[in-house]
Amino acid sequence: MNKLTLLRSSIPLRRLPYQSLLALNQRNLHTPPLQSSCSSTSSNPPLSFPCIDKLNSRTLELDSGPEPSYDKIVTGYETFNHPHPFLLDHGGILPNIDIAYETWGTLNEKKDNAILIHTGLSASSHAKSHAKNTKPGWWEEFIGPGSHIDTNKFFVICTNVIGGCYGSTGPSSVDPADGEKYATRFPIITIFDMVRAQFKLLDHLGIEKLHASVGSSMGGMQSIAAANLFPERVKRLISISACARSHPYSIALRHTQRQVLMADPNWNKGFYYKGIPPHVGMKLAREIATISYRSGPEWELRFGRKRANENQSPALCPDFLIETYLDHQGERFCLQYDPNSLLYISKAMDMFDMSSSETAKLLKQRENNMTKVEQIMSQCGEEVNAQMVAETCRSVIGTQSALEGKDQTKTLTTLSPDPATQDLVQGMKNIKMPALVLGVQSDILFPVWQQKEIAECLRASGNKRVTYYELDAMFGHDTFLIDRVSVGGAIKGHLELLEE
């Protein structure tokens, strides 16, 4: 073990002076030893690395400035506060939760024209521009008067999920117990936790039943979860480019992104909020993700084998157009989203599984942990004091890591396809409302066979009103953001389906 390893294992990085940490990073990670002396005697000059120089320059800039305030990146949202302890599937308890949300259209007198739009991994509540925030939303062209999601007819709601960083409670939020940001003291969350939080907002708005639950990508997972958890409160279901259970390929991609991010020394086990954020790890994680969001055929037409500058010698920094595209995507994202939120939410996606055995296991955990909430409420009484509730949460839950003191060995079994499929069918049996399932042939992150799995399991579980569309689009997973005609048309048709 070298001196640097000993130093890192014995002293938390967040306690090192920033300049010292930067010097360590540069000396051990970026600067080749004896470069100046070698270059004078080498048969060839050393290559230049402007891409690395740029990362080092940004590290210096971040060292002298404040850490990004992610909840200020998106503006114009409303905030709902649920002031009571919020139990999570894996036993964590949040003393209270904030939900950032935005709305469009008007809620009618019966309050039965509401549509809840669920977001993908890193999206905010800003799906559409409005008076309080005139910037185009992430689904700008799909929502509006007379549009695919018609705000002349429907009251549209979009939230930032818990675990996020755009106004809802997440790792970058302040823990009322001690006034410090949660960081990785934030408990593990699930897709079902996100949905339960959203329905707390619906309760607050007085909405007993949604006209539709609509989501793409991770939003599709939420939409399916909502229809399963609250079947009596969801009239229609739309799932686009999602899955009923995460499969190894997508889990592997997200795992790789997390590993790259956590390998950035500035991540510091999640405690970077008073120092330099892990912008290098975030940049690389986003580049990996972008590869899975689009398709090879699109990139063949868009980039081919073209280089950014055909007249220059090849370089190890971004050189081909596709490399410069990925580099740009990483650059624009790395300071726009909280790294810890990426870790928690992507892990929630990995764990998503609608199989009956898995949902039953989570339900049993919740039942066992409900006594913790009851204990907290009995100790706090009717008084809603955030700090008191938070401190009581800590005394009830304890400070032990979720993995400490548990047997982590597990017997591995290989299930044949039939029992696993029947398990999934059983898990979907609550979903009886009209359902639209949409897939894209060029999607490699959530392939069409996973969309067929959703539709076929719904039908096998007894749902007689399942519509399945498969699009021959070239934009890969991001088709749901781009193809207004096909995706938008299918959504509009299902939302405005006449009553049977």
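Preceding block: the structure.
Residues numbered from 1 in each chain as written. Predicted model: local features only at pLDDT ≥ 70, side-chain atom pairs only at ≥ 80, totals over all residues. Heavy atoms only, no water.

Asker: Before we move on, could you go through the nonpolar core and cite the residues and values that matter?
Answerer: Counting residues in hydrophobic clusters, the biggest one holds 81 residues, and the most contacted among them are I157, M194, Y337 and M428. With nine residues, the single largest contributor to this core is helix α5 (residues 191–205). Setting aside anything within four residues of it in sequence, one finds M194 in contact with V161, I162, I189, M218, Q222, I345 and A348. One finds I115, F142, A212 and I491 within the second-largest nonpolar core, a separate group that totals 25 residues. (Core = buried A, V, L, I, M, F, W, Y, C linked by side-chain atoms within 4.5 Å. Buried < 20%, exposed > 50% of the residue type's maximum accessible area, 1.4 Å probe, protein only. Helix = DSSP H or I, 4+ residues; strand = E, 2+ residues; numbered from the N terminus. Contact = heavy atoms within 4.5 Å.)

Asker: Account for the pairing of strand β9 (residues 212–216), with residues named and values stated.
Answerer: Among the five residues of β9, five are classified as buried, and the element is accordingly described as predominantly covered. On β9, burial covers both faces: A212, V214 and S216 on one face and S213 and G215 on the other are all buried. Where strand β5 (residues 114–118) and β9 come together, four bridges link them in parallel fashion. Bridged to H118 within β9 is G215. Note that β9 and strand β10 (residues 237–240) share four bridges and pair parallel. If you follow V214 over to β10, its bridge partner there is I238. Between β9 and its parallel partner β10, the chain crosses via helix α6 (residues 218–229), and the hand of that crossover is right-handed. (Pairing = 2+ DSSP bridges. Right-handed = clockwise from strand over helix to strand, strands pointing away.)

Asker: If you had to explain the side chain of S124 to someone new, which residues and values would you point to?
Answerer: One can find S124 in the loop between β5 and β6 (143–144). Looking at S124, the relative accessible area reads 8%, which means it is buried. At 3.1 Å, the side chain of S124 and the backbone nitrogen of H126 are in polar contact. Among residues more than four places away in sequence, those in contact with S124 are V74, T119, W138, C158, T159, N160 and Y166. (Polar contact = N/O pair within 3.5 Å; in protein donor to acceptor, adjacent residues only side chain to side chain.)

In short, geometric facts, not functional conclusions.
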